[in-house]
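Geometric and topological summary
Chain by chain, the residues:
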Amino acid sequence: MSIKSNIQAIKAALPVGTRLVAVSKFHPLSSIEQAYAAGQRIFAESRPQELAAKVAQVAELAKSAEAVEPAKNPFEGLQWHFIGHLQTNKLSLVLPFVSLVESVDSLHLLEAINNWGIAHEKTIDVLLEAHIAREESKQGFSFEQIRDILSNRNLYERVRFRGLMAMASNTPDMEAVREEFAGLRDFFNTLQSPEFSELSIGMSNDWPVALECGSTMVRIGTAIFGAREY
Ligand SMILES: *Cc1c(COP(=O)(O)O)cnc(C)c1O
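A few points on the structure.

Scoring rules and cut-offs
Counting of residues starts from 1 at the beginning of each chain's written sequence and follows it residue by residue. For this predicted model, a pLDDT threshold of at least 70 governs which residues receive local features, and a threshold of 80 or more governs which side-chain atom pairs are given and counted, while totals over whole chains, interfaces and linings are taken from all residues. Values reported for side chains reflect all heavy atoms of the structure, with hydrogen atoms and water molecules removed beforehand. Secondary structure counts use DSSP, requiring at least four H or I residues in a row for a helix and at least two E residues in a row for a strand, with both numbered from the N terminus. It only takes one pair of heavy atoms within 4.5 Å for two residues to be counted as in contact. Aromatic rings from Phe, Tyr and Trp, with only the six-membered ring used for Trp, were paired whenever their centres fell within 6.5 Å, and each pair was classed as stacked if the ring planes differed by under 30 degrees, edge-to-face if by over 60, and tilted otherwise. Here an angle of 0 to 180 degrees is reported between the N-to-C directions of two axes, which are lines fitted to C-alpha atoms, with helices fitted over the stretch in contact. An angle below 35 degrees is read as roughly parallel, one above 145 as roughly antiparallel, one from 65 to 115 as roughly perpendicular, and any other as oblique. Should the near helix be turned anticlockwise from the far one by less than a right angle, the crossing is left-handed, and should it be turned clockwise, the crossing is right-handed. Proximity is defined per residue: if any heavy atom of the residue lies within 4 Å of a molecule or strand, that residue is considered near it. Each polar contact in these results corresponds to two N or O atoms within 3.5 Å; when the atoms are within protein, one needs to be able to donate a hydrogen and the other to accept it, and residues that are neighboring in sequence are counted only if both atoms are side-chain atoms. To be clear on the numbers: accessible area is Shrake-Rupley with a 1.4 Å probe, and residue cover counts the displayed protein chains and nothing else. Under the convention adopted here, Pro, Cys and the residues Ala, Val, Leu, Ile, Met, Phe, Trp and Tyr are nonpolar, Asp, Glu, Lys and Arg are charged, and Gly plus all remaining residues are polar. When a residue's accessible area, from a 1.4 Å probe over protein chains only, is under 20% of the maximum for its type it is buried; when over 50% it is exposed; and in between it is partly exposed. In what follows, salt bridge is the name for a side-chain nitrogen of Lys or Arg lying within 4 Å of a carboxyl oxygen of Asp or Glu. Strand pairing follows a simple DSSP-based rule, namely that at least 2 bridges must link the two strands. Classification remark: right-handed applies to a crossover when, strands pointing away from the viewer, the course from the first strand over the helix to the second runs clockwise.

With respect to the helices and strands, the residue I201 is situated in the loop between β7 (198-200) and α8 (207-212). Between the C-alpha atoms of I201 and K122, which are 79 residues apart in sequence, the distance is 27 Å. In this structure, I201 is in contact with A166, F181, L184, A210, C213, S215, M217, V218 and R219, ignoring residues within four places of it in sequence.

Time to look at the packing of aromatic side chains. For any pair of aromatic rings, the description consists of the separation of the ring centres together with the inter-plane angle of the planes. A full pass over the atoms with the stated rule returns five aromatic pairs. Their ring planes at 65 degrees and their centres at 5.5 Å tell us that Y36 and F75 sit as a pair that is edge-to-face. In this pair, Y36 sits in helix α2 (residues 29-37) while F75 sits in the loop between α3 (48-68) and β3 (79-82), placing the two residues 39 residues apart along the sequence. Considering the side-chain rings of F43 and W80, the 6.1 Å spacing of their centres and the 55 degrees angle between planes classify their relative orientation as tilted.

For the pair helix α6 (residues 143-151) and helix α7 (residues 174-189), interaxial distance at closest approach is 12 Å and the crossing angle is 25 degrees. Comparing their axes, α7 and α6 come out roughly parallel. Between α6 and α7 lies a crossing whose hand is right-handed. In this structure, α6 uses F143, I146 and R147 to contact α7, whose residues at the interface are G183, L184 and F187.

Here we take up the site of the ligand. Around the ligand sit V23, K25, I83, M165, M167, M203, S204, R219, I220, G221, T222 and R228, and those are all the residues in its vicinity. Taking R228, its side chain carries an N or O atom lying 2.7 Å from an oxygen atom of the ligand. Summarising the interface, the protein chains cover 90% of the accessible area of the ligand, which totals 380 Å² for the free molecule. Looking at the shell around the ligand, the elements with two or more residues in it are β6 (159-167) and β8 (217-220). Broken down by class, the residue content of the shell around the ligand amounts to six nonpolar, three polar and three charged.

Once that is clear, we can look at the environment of K4. Within the element layout of this structure, K4 appears in helix α1 (residues 3-13). For K4, a relative accessible area of 46% gives the class partly exposed. For the pair K4 and S31, spaced 27 residues apart in sequence, the C-alpha to C-alpha distance is 9.9 Å.

Take the side chain of N114 next. When you line up the elements, N114 lands in helix α5 (residues 107-120). Ignoring any residue separated from it by four or fewer positions in sequence, one finds N114 in contact with L155, Y156, E157, R158 and V159.

Moving on, we come to the pattern of salt bridges. Per the stated rule, a full pass over the model turns up 10 salt bridges. The shortest N-O distance in the salt bridge between E198 and R19 comes to 2.9 Å. Of this pair, E198 sits in strand β7 while R19 sits in strand β1 (residues 19-23), and the two are 179 residues apart along the sequence. A residue is classified by how much of its surface remains accessible, and R19, at 34% relative accessible area, is partly exposed. Across the pair D125 and R162 runs a salt bridge whose closest N-O atoms are separated by 3.2 Å. A residue pair is termed long-range when its members are at least 10 positions apart, and D125 in strand β5 (residues 124-131) and R162 in strand β6 qualify at 37 residues. Salt bridges linked by common partners bring E45, R47, E50 and K54 together as one network.

Moving on: the pairing of β3. Where strand β2 (residues 42-45) lies against β3, four bridges are found, and the strand directions are parallel. Residue I42 lies in a different strand from β3, and its bridge partner there is Q79. Once you follow β2 into α3 and on to β3, the crossover reads as right-handed. Looking at chain direction, β3 and strand β4 (residues 100-104) are connected through two bridges and run parallel. Paired with H81 across the strands is L100, a residue of β4.

Structure follows, in structure tokens:
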């Protein structure tokens, strides 16, 4: 299967209102170009350095194309999301370039993003990462912590809270995954508003279950680009 046919197959299965986020981490720019040519517009990266490098590569390509044909940006409308663990000393590699930080997983990070926003007069759209997997190793807030943050949201004047992100347990047991996603969806439904409206769940191995549980954004890498070479 080609990148193009993979994207088309996934998009055909998405209900109206659910968006595909193509996770391009560890994949080369040529893969991103192929996905873009197939109509994909939202890409996600999980490592600050890699994101910044790809943003620069895309800008470079756009510049050389515009030299040939002015005012024709070959990456018009391309957006980046950040989905990895973000250290506060790496904000400047990420925040200038992304339309959404999906992986806010600590108060320390939230405060740092807000301070960066104040300093740069920019409001940053974020999702709060919820911990729903059984694995202790996974990042994220408890439901109670999320409620606390949202009830204090006016402390973060330069942050716009757009919804929740989560990763289910890494297991082939789709009933266990469904339970985790459904629990999150029920919690999300108690918080939902016109602004707080995104539920980012579903990866290559579990996105069909995530759709059944109300996902508004699936984050898919392997099923589009193939296996990653670390
Ligand atoms: C890598 C990654 C994905 C995509 O994983 P695949 O299994 O390749 O689809 C989705 N979400 C997050 C947070 C990731 O780090």
